[in-house]
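# Survey of secondary and tertiary structure
Each chain is listed here by its residues.
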Amino acid sequence: MYRLILIALLALGHASAGAEEAARAPLAPALRAEIALSRPDGQPLVDPAPGAPFAVEIVLRNMAGRDAPRGLDLVAWLRRTEGGGITCTEAARAYFATERSLPIGTVPLGGSLLAVLTGEGSIALVDPNFQLATANILAAVSIPEQVDRLVPDPFLRRVLAVSRDSGTVRAVSIAGGAAEVLVADLRGLEAVYPGPDGQIWVRTRDGFGRPAEVVAPATGSAASYGGIHVAIWTGREAEVIDLRTGTSLGVSRAGIQAAIPLEAADGELSGLVALTHEGIAVHWADAPEQPVQVDLPPGFSRLDVDPSGRFAFAHGPDVGDVAIVDLARGAIVQIVVSNPPVSEIAFTSRDAFLRASDHSRVAVLSLGAIRPDQPPLIQEATLGTAAASRTAPGLLTAMEIEDRMIAVHPDSYTAYALHGSATTGKAPPMLSGAPRGALPPMFSITLRGGIPRQVVSIDRGFREVVPGRFRTVTALPDDHAYELVGSTGLGGMSFCAPIAKGRRAPPPPEGRLSLVRIEGGDHLRFADTSGQPIPFDGDVLLLALQGGWRRAIPIAAGPDGLSRETLDIPATLPLALMARSGDGRAFPILQIGARR
């Protein structure tokens, strides 16, 4: 575990009779930063391994008083320390001088990252901040199995790739894209949920539980907004599982079609919302057997709840209505009509985003403006031309830190970042019976690598768990040495700390390559840097310096360093010869001019 104390700003001396003594005293920092590394299970960590997730915790202490500083905008990133370059402090200054731009090769510890699953089964990690760049893919991952769903893991800041047919779950690191198998050959796999302890829970055809002990019967499941609780249900019973402790809260209800747990601000369970054939039942945690019943017309089959747990949205692919239920009042506050039907609903902190099933539009409802006595404030964003109807969710995802919604138009390979507060122009209505405006996309993000089938967002930044204490989870993309660079953005305050020492193996020895003519034939001679002959086993790539001709030739040489094979080298072309050794030894490129 590293604990590093760094000076950020100097405290002011007292304007009093003791000012002279204060000036002679050692200057004290206004803030002190303590940095600690740990494994996901909380054990201290000294030198993180590449690809393995680890937690970074920063504590900022106020040296001028007892209270922790509040409202600080903590930004940080990891950068390589090899190869010289500017100092850590200069790197922090350059970040603000270049409008918060990070150099290539750094690992950002802030902002959101998008993981995009394509129709071909590959996964692309996309940085939305590079939307104006020629390429915004940070990593592309190819999974051997057919991936059905991506599940974001907010606790370890990774993406879980779920393959139902093979029963495989792979963890994809957002730092470099390395994939690790967590579960293999699990029969009847249907859904996966990450737990706060770094472990995963699964729902199979046999029930719900840990991969090695699926015990609770379940035909459906859904996680709470915070991901700490999961609701599971059969046709007549629902149960909420606390993923931290494994404890449960059960209720009996006939005809359950969907259920979502409700969490309080401290993460504790506050209730359960269940959608049945009759309507919505709200089971509060203090009286689970005395639900509040809200009757709905038939046809609703899907349920969504906003992050605050105030409003429930009932909808379905076979109905054009969206019923909005105020859970605090226990009553319907709005029923709006959608044409085409709504196929997916997602939320930011202030707005609900409803995607049309033909991909063409997204309607935005302000959560704060939902009233029973007046129509909701509705805005609309046009994404593109209408396409074939799609009812499966996966093309909306919220960027929590930026408080924006990502909406994907798959036919144009484009994702749009939407913000609910911007309105301008006019648009054809998607939702009827309410005032509306047109919502322009804030910016577009080109999605490369295939037709997008699903997009999820992962928050890479620090979260202030208590005042002055910030925490995030990240991973190193390679085995270089790294240091953490951080800044509060106040008065140029910055701090630095070593993170990884680097594990790179020593580079392979170099060799020398020459062309010799023996008994009328061309042979290659392999030697070390001192000129001593060495054996060789690999191939040689012949590249024409004019035109596109190329050829790869397998080559072997004995202890004398001479190739056993005679090379058939065209004498009319200037060539470049590249030797590729099986043991990794590097050979400089050998250039040969035309000989006739």
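Definitions and cut-offs
- Residues numbered from 1 in each chain as written.
- Predicted model: local features only at pLDDT ≥ 70, side-chain atom pairs only at ≥ 80, totals over all residues.
- Heavy atoms only, no water.
- Helix = DSSP H or I, 4+ residues; strand = E, 2+ residues; numbered from the N terminus.
- Buried < 20%, exposed > 50% of the residue type's maximum accessible area, 1.4 Å probe, protein only.
- Contact = heavy atoms within 4.5 Å.
- Areas by Shrake-Rupley, 256 points an atom, 1.4 Å probe, with all protein chains shown as cover.
- pLDDT = per-residue confidence, 0-100.
- Pairing = 2+ DSSP bridges.
- Axes fitted to C-alpha atoms, helices over the stretch in contact; angles between N-to-C directions.
- Polar contact = N/O pair within 3.5 Å; in protein donor to acceptor, adjacent residues only side chain to side chain.
- Arc of directions from axis to C-beta.
- Salt bridge = Lys/Arg side-chain N within 4 Å of Asp/Glu carboxyl O.
- Disulfide = S-S within 2.5 Å.
- 1 Å grid on protein atoms, 1.4 Å probe; cavity = no way out; pocket = protein on both sides within 12 Å on 5 of 7 lines; lining within 4 Å.
- Points joined across faces, edges and corners; volume = space filled by probe spheres on them.
- Nonpolar A, V, L, I, M, F, W, Y, C, P; charged D, E, K, R; others polar.
- Phe/Tyr/Trp six-rings, centres within 6.5 Å; stacked < 30°, edge-to-face > 60°.

### So, the overall build of the protein chain
Broken down by element type, the protein chain carries two helices and 48 strands. Here the protein chain holds 596 residues, and the buried ones make up 49% of them. Here the contacts in the protein chain between residues at least 6 apart in sequence split such that 53% fall between residues at least 24 apart. When the accessible surface of the protein chain is split by element, carbon and sulfur atoms take 52% of a total near 27,400 Å².

### Some thoughts on the confidence of the model for the protein chain
Residues at a pLDDT of 70 or more form 87% of the protein chain, whose mean pLDDT is 82. Here residues 422-440 is modelled with pLDDT under 50, and outside its nearest four sequence neighbours on either side it reaches 62 contacts, counting other chains as well.

### A word on the sheet that holds strand β38 (residues 452-459)
Taking strand neighbours across the sheet as the criterion, the four strands line up as β7-β6-β5-β38 in an open arrangement whose pairing is antiparallel. Both edges of this open sheet fall to β7 (137-142) and β38, since each of them pairs with a single strand only. Mean inter-strand twist for the sheet, computed between neighbouring axes without regard to direction, equals 20 degrees.

### Some remarks on the environment of Arg 361
Its location among the elements puts Arg 361 in strand β30 (residues 361-366). Sequence separation between Arg 361 and Val 342 is 19 residues, and the spatial gap between their C-alpha atoms is 9.9 Å. A distance of 3.5 Å separates a polar atom in the side chain of Arg 361 from a polar atom in the side chain of Ser 360.

### Structural notes on helix α2 (residues 88-97)
Every α-helix winds through 3.6 residues per turn, so residues three or four apart in the chain are directed the same way. Here α2 has its buried residues at Cys 88, Ala 91, Ala 92 and Tyr 95. Along α2, the residues classed as buried sweep out an arc of 100 degrees about the axis, all on the same side. In α2, the exposed positions that point more than 90 degrees away from the buried face belong to Arg 93 and Ala 97. Check the buried side of α2 and you find it contacts β3 (75-80), β41 (482-487) and β42 (494-500).

### Considerations on the pattern of salt bridges
Opposite charge on two side chains allows them to pair when their charged atoms are near. Counting across every chain of the model gives 22 salt bridges. Residue Arg 463 is joined to Glu 400 by a salt bridge in which the shortest nitrogen-to-oxygen separation is 3.4 Å. Note that Arg 463 is positioned in strand β39 (residues 463-466) and Glu 400 in the loop between β32 (396-399) and β33 (404-409), a separation of 63 residues in sequence. On the accessibility criterion, Arg 463 (35% relative accessible area) is partly exposed. The class of Glu 400 is partly exposed, set by a relative accessible area of 46%. One salt bridge connects Arg 517 with Asp 522, and the closest N-O pair in it is separated by 2.8 Å.

### Things to note about the state of the cysteines
According to the stated counting rule, one finds one disulfide in the structure shown. Covalently, Cys 88 is tied to Cys 496 through a disulfide, its sulfur atoms 1.6 Å apart. The disulfide joining Cys 88 to Cys 496 has a torsion of about -100 degrees about its S-S bond and is therefore left-handed. Highlighted residues: Cys 88 in helix α2 and Cys 496 in strand β42, separated in sequence by 408 residues.

### Things to note about the sheet that holds strand β9 (residues 158-163)
Spatial ordering of the open sheet is given by β8-β9-β10-β11, a layout of four strands whose pairing is antiparallel. At either margin of the open sheet sits one strand with a lone partner, and together these are β8 (149-153) and β11 (179-183). Sheet twist, expressed as the mean angle between neighbouring strand axes with direction ignored, is 30 degrees. As paired elements, strand β10 (residues 168-173) and β11 share four bridges and run antiparallel to each other. The residue bridging Val 172 from the neighbouring strand is Ala 179, located in β11.

### Focus: the layout of surface pockets
Its boundaries defined by the atoms lining it, the second largest pocket holds a volume of some 1,300 Å³. Lining the second largest pocket are 46 residues; nearest its centre among them are Leu 102, Pro 108, Asp 127, Asn 129 and Arg 460. At the level of elements, β3, β4 (107-108), β7 and β40 (469-474) are the ones that each hand at least two residues to the lining of the second largest pocket. For the lining of the second largest pocket, the element with the most residues is β3, which contributes four residues. Its residues placed into classes, the lining of the second largest pocket shows 25 nonpolar, 11 polar and 10 charged.

### Quick word on the packing of aromatic side chains
Counted by the stated rule, this structure contains seven aromatic pairs. Measuring from ring centre to ring centre gives 5.7 Å for Trp 201 and Phe 208, while their planes differ by 15 degrees; the resulting arrangement is stacked. Here the two residues Trp 201 and Phe 208 agree in accessibility, since each one is buried. Arranged with centres 5.7 Å apart and planes meeting at 80 degrees, the rings of Phe 526 and Phe 587 form a pair that is edge-to-face. Of this pair, Phe 526 sits in strand β44 (residues 521-528) while Phe 587 sits in the loop between β47 (575-581) and β48 (590-592); the two residues are 61 residues apart in sequence, bridging distant segments of the chain. Take Phe 526: its relative accessible area is 0%, and that puts it in the buried class. In this structure Phe 587 comes out as buried when scored by relative accessible area, which is 10%. Taken together, Tyr 193, Trp 201 and Phe 208 form an aromatic cluster joined through their ring pairs.

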